[in-house]
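Here is how the chains run, residue by residue.
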Amino acid sequence: MKPLTPSRTKIWVWALVAVFLLVLVSAAGLLAWSNRGAALEAREQQVSRFVSGAEVALNRSFLSVDLLLSGTDSMLGLSSSMAEWIDASTSSQLLGFVTRGNLLVSLTALIDADGRVLASSEPAETRNALQLPAGFLQAALSPSATSLLVSAPAVSFNSTQSVLYFARPLKLANGARLVVVAEVPRSKLTAVLMQGADVSGLEVVLERSDGRALLTIPDLGDQAHLQPVMPLKEMPDSAWGVPARLSGESALVVSRPLIYQSLRISASLPEAAALADWRQERNTLVSITLAVCLMVVAAGAVVVSFFNHITAARQAMAQSKAMLDQALESMVSGFVLLDQQHRVLHWNRRFDEIFPWVAGIMAPQLPFRSVLEKTVRHHLPQASERELQQWVELRLARQRVSDGTHEQELPDGRCIQIVERPTPEGGLVITYHDVTDLRRANAEIENLAFYDPLTGLPNRRLLLDRLGQASVLAQRSGQLGALLFLDLDHFKALNDTLGHEVGDELLLQVAQRLRACVRVADTVARLGGDEFVIMLNELSTSTDEAAKLAQRIGEKVLHSLAEPYVLKGHSHQSGCSIGATLFGASLQTSTELLKQADIAMYQVKARRGNGLCFFDPRMQVAINDRAQLEADLREALAQGQFALHYQPQFTPEGCIVGAEVLLRWEHPERGMVSPAQFIAVAEESDLILGIGQWVLRTACLQLAQWQQQPHSSHLNLSVNVSARQFRQPDFVRQVTETLQETGARAHLLTLELTESLVLDNVDDAIDKMHQLRTKGVRFSVDDFGTGYSSLAYLTRLPLHQLKIDQSFVRNLGARATDDVIVQTIIGMARNLELEVIAEGVETPEQKDFLACHGCDLYQGYLLARPMPVAALDARLASEAASAA
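Rules used in this analysis
- Residues numbered from 1 in each chain as written.
- Predicted model: local features only at pLDDT ≥ 70, side-chain atom pairs only at ≥ 80, totals over all residues.
- Heavy atoms only, no water.
- Axes fitted to C-alpha atoms, helices over the stretch in contact; angles between N-to-C directions.
- Helix = DSSP H or I, 4+ residues; strand = E, 2+ residues; numbered from the N terminus.
- Left-handed = near helix turned anticlockwise from the far one by under 90°.
- Contact = heavy atoms within 4.5 Å.
- Nonpolar A, V, L, I, M, F, W, Y, C, P; charged D, E, K, R; others polar.
- Salt bridge = Lys/Arg side-chain N within 4 Å of Asp/Glu carboxyl O.
- Buried < 20%, exposed > 50% of the residue type's maximum accessible area, 1.4 Å probe, protein only.
- Core = buried A, V, L, I, M, F, W, Y, C linked by side-chain atoms within 4.5 Å.
- Phe/Tyr/Trp six-rings, centres within 6.5 Å; stacked < 30°, edge-to-face > 60°.
- Pairing = 2+ DSSP bridges.
- 1 Å grid on protein atoms, 1.4 Å probe; cavity = no way out; pocket = protein on both sides within 12 Å on 5 of 7 lines; lining within 4 Å.
- Points joined across faces, edges and corners; volume = space filled by probe spheres on them.

1. Focus: the packing of helix α18 (residues 687-706) against helix α20 (residues 731-742)
Geometrically, a packed helix pair is captured by the angle between its two axes and the distance between the axes. Contact pair α18 / α20: the axes reach a minimum separation of 9 Å and the direction vectors enclose 35 degrees. Where α18 crosses over α20, the handedness of that crossing is right-handed. In this structure, α18 contributes Gln 693, Leu 696, Arg 697, Cys 700, Leu 701 and Ala 704 to the contact, and α20 contributes Gln 734, Val 735, Thr 738, Leu 739, Glu 741 and Thr 742. Residue composition of the contact of α18 with α20, grouped by class: six nonpolar, four polar and two charged.

This is the structure in structure tokens:
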């Protein structure tokens, strides 16, 4: 007998394990198959009981509907009546009474041959909304229809539910045929059908003999009737292996006929659902069997693991050596391993690539001194023998210290990082990393961090650093410096017309001219875009002298930048705005100095540019006041500090027909703030949008309240719309939603637009005005005549009203030109069929003049001052009481 080797031993162990597993798996399989047969038998009995119960329930439900419909003849006396004699109201009440008595039926209706509803259990306003499936009424009226008919699934017009219609034909005394129809929601039939059923995965179908489904569970929707399920073949009432009526899966199908119109109730239980519980038992059995099998396999694995461990250890040793060699060869760094005597033990291919001049001499046990001697002769070919030996000794001394890392620059410009680490045996591991790209990248990063990539000038970061140092030095030495903030005039127009390449060329030439205007010790920086800063150091100890020198240099810059440029073949003339501030008299941060120069520069911009301006502290005060006002406005909008006053508008007879909405700000500390002080600030920021929306909404809410009072329901309100608010893309939607949410009548709202707003973009203005005009909103041109009026746009705009500006009204009778202008406006409005209102009417003479020439409405202090809504309501109530 041959001795058992490790290989043969493993074979015998696994053979015994396999025999035991085969016996165990066979026994488990037989037990699972026996349990499967029992589970199928139990499910068949459960489905049969369900179908029998569903058959009885549906027959009883259909019979109750049939009795309701067939009893309509005797209840309404139709067989002895004519269609003209039927009292719709009485018949509908009787139908409603019997319908409410049947929990299955939601609607009962009597329909003639033309489809008209003669009577219905529904309210009168919905009787004509009954929509039967196509062809169902004709089928019910046909001579062959003598019993109960059931329609295809449909959607009820009244309840939007999915329903079935049941119909029975009836005859009148003259032989005319009517149809009585009952509407039965499919959800109620589903409740009747599934009452008490608890069979997971069951598919139930109420179908015709041709397979068209009337009701499916789960619900396939109203389209189930258009896609017939498979017709039932010749088969027993109960059978396995038949395709399920809905899913088509292999299933148990149990089917029973109903007593009406060849209807059947079918229940299908897919084998997958029927065997769900059995699968859980099977899985449990499989898990137990698998666990036992795993234990047996684990026992066998323990026996053979010893042999595998020995084999794997031997293979691992061989692989480790191969992997180490491969790793050293694939390193991106050069590698050299030295022994205790600093002789070469191992090196990699990358070392030869970095130092190709030593590749021919590298060999095991080669003294590292020989490598260094070969290297130095390549590095310093002109050096003397003494200098070469000195370099080698210095390099060896550094190895003995082994300080870690140093760098060596090769003759070809490459930078090599050398890392030396001692080994536990006293040797040395040296790695050589080519860090040339890294050093170049660091230099480029540093340049990008502190210099502008386009012009090469210092950027904001470097400028702020130099400015901080210069400010401290100036304060110590007493030598004042100056900061000039430059912004090119009309640079954006150049970029937009000639392109960014031309714009960049201009910036490059500007940078060159600025460098030529200052000393070497001064700094010229680019902040970004078309903004430059010049920092002038050590101008003078005298403030006046320093300012004069700074102004002289600034004027030199202005003159230099005003010279023509040649940009990509284009001649260009440009200028700049310069803001200046001195530093060194007191310690200020770099940011504060830049801000001061920036403020001064914007003062030049406000005067149309191309100039020089020194910073004045009053500029900062004005900016701070404006910023505080803007902050207060934001808080006012959030805290509800705004209020609306209303200035009434009168007819020539003195009747109030409306009012103009005027904004007021009740500040808790400032008191009542005039709109003249804050409207301009709001329009320059986004605040005007929120304020404008608040004014519009509040005015519409007031209109809705007035609509409830007889004496104020006729009043309209005029609301001023700012240019920024009107230019919003969703302005029309905002106004429409506000009217809908508040309930205000659109024709009582007048939006006042200025001439300049309309003329800025006439097509957009006309489009928005037309959209709102179709909703009923009216428009008025505010301050008419003060702008560049155009008769052409007046004829295109859907206007309702022109408002004569108070500047013309104020001088009526005192200046003949204003008299003529007012008469012209009124005459023009009359020819265009526009209403005219005059604002600022303060004297009886002005009112008489306007009335004489046909002005329609008046507004001014002569008639009424702006007032809160409570005061206006009181006046309206008083006038209404006087009129009564």
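2. Observations regarding the pattern of salt bridges
Within the structure shown, the criterion is met by 18 salt bridges. Here Arg 519 makes a salt bridge to Asp 522, at a shortest N to O gap of 2.8 Å. Judged by its relative accessible area of 41%, Arg 519 falls in the partly exposed class. Residue Arg 733 pairs with Glu 737 through a salt bridge whose shortest N-O separation is 3.0 Å. With a gap of four residues between them, Arg 733 and Glu 737 both fall in helix α20, about one helical turn apart. Overall, the relative accessible area of 31% leaves Glu 737 in the partly exposed class. Each member of the salt-bridge network shares a partner with another, and the members are Asp 112, Asp 114 and Arg 116.

3. Re the nonpolar core
The biggest cluster of nonpolar side chains holds 76 residues, and the ones touching the most others in it are Leu 749, Leu 751, Val 777, Leu 799, Leu 802, Ile 804 and Leu 850. Among residues more than four places away in sequence, those in contact with Leu 802 are Ser 780, Val 781, Phe 784, Leu 794, Ile 825, Ala 829, Leu 834, Glu 835, Val 836 and Ile 837. Within the second largest apolar cluster, 52 residues are counted, among which are Leu 148, Leu 214, Leu 252 and Ala 273.

4. Section: the packing of aromatic side chains
Enumeration over the complete set of coordinates arrives at seven aromatic pairs. Ring geometry for Phe 62 and Phe 166: centres 5.1 Å apart, planes at 75 degrees, overall edge-to-face. Remark: Phe 166 occurs in strand β5 (residues 162-171) and Phe 62 occurs in helix α1 (residues 6-76); sequence separation between them is 104 residues. Exposure remark for Phe 62: the relative accessible area of 0% places this residue in the buried category. Its relative accessible area of 0% is what places Phe 166 among the buried residues. Put simply, the rings of Phe 642, Trp 665, Phe 678 and Trp 694 pair up and form one aromatic cluster.

5. Topic: the sheet that holds strand β19 (residues 531-540)
The sheet built from five strands is open, its strands ordered β18-β19-β17-β22-β23 with mixed pairing. In this open sheet, the two edge strands, each paired with only one partner strand, are β18 (523-528) and β23 (611-614). Averaged over all pairs of adjacent strands, the angle between their axes in this sheet comes to 20 degrees, without regard to strand direction. Where strand β17 (residues 480-488) lies against β19, seven bridges are found, and the strand directions are antiparallel. Paired with Leu 486 across the strands is Phe 532, a residue of β19.

6. Observations regarding empty space enclosed by the protein
For the coordinates displayed, the defined rule picks out one cavity of 30 Å³ or more. Lining of the largest cavity is provided by Phe 351, Phe 355, Phe 368, Val 371, Leu 372, Thr 375, Trp 391, Arg 395, Gln 408, Ile 418 and Tyr 432. No other element matches the four residues that helix α8 (residues 368-379) contributes to the lining of the largest cavity. When its residues are assigned to classes, the lining of the largest cavity shows eight nonpolar, two polar and one charged.

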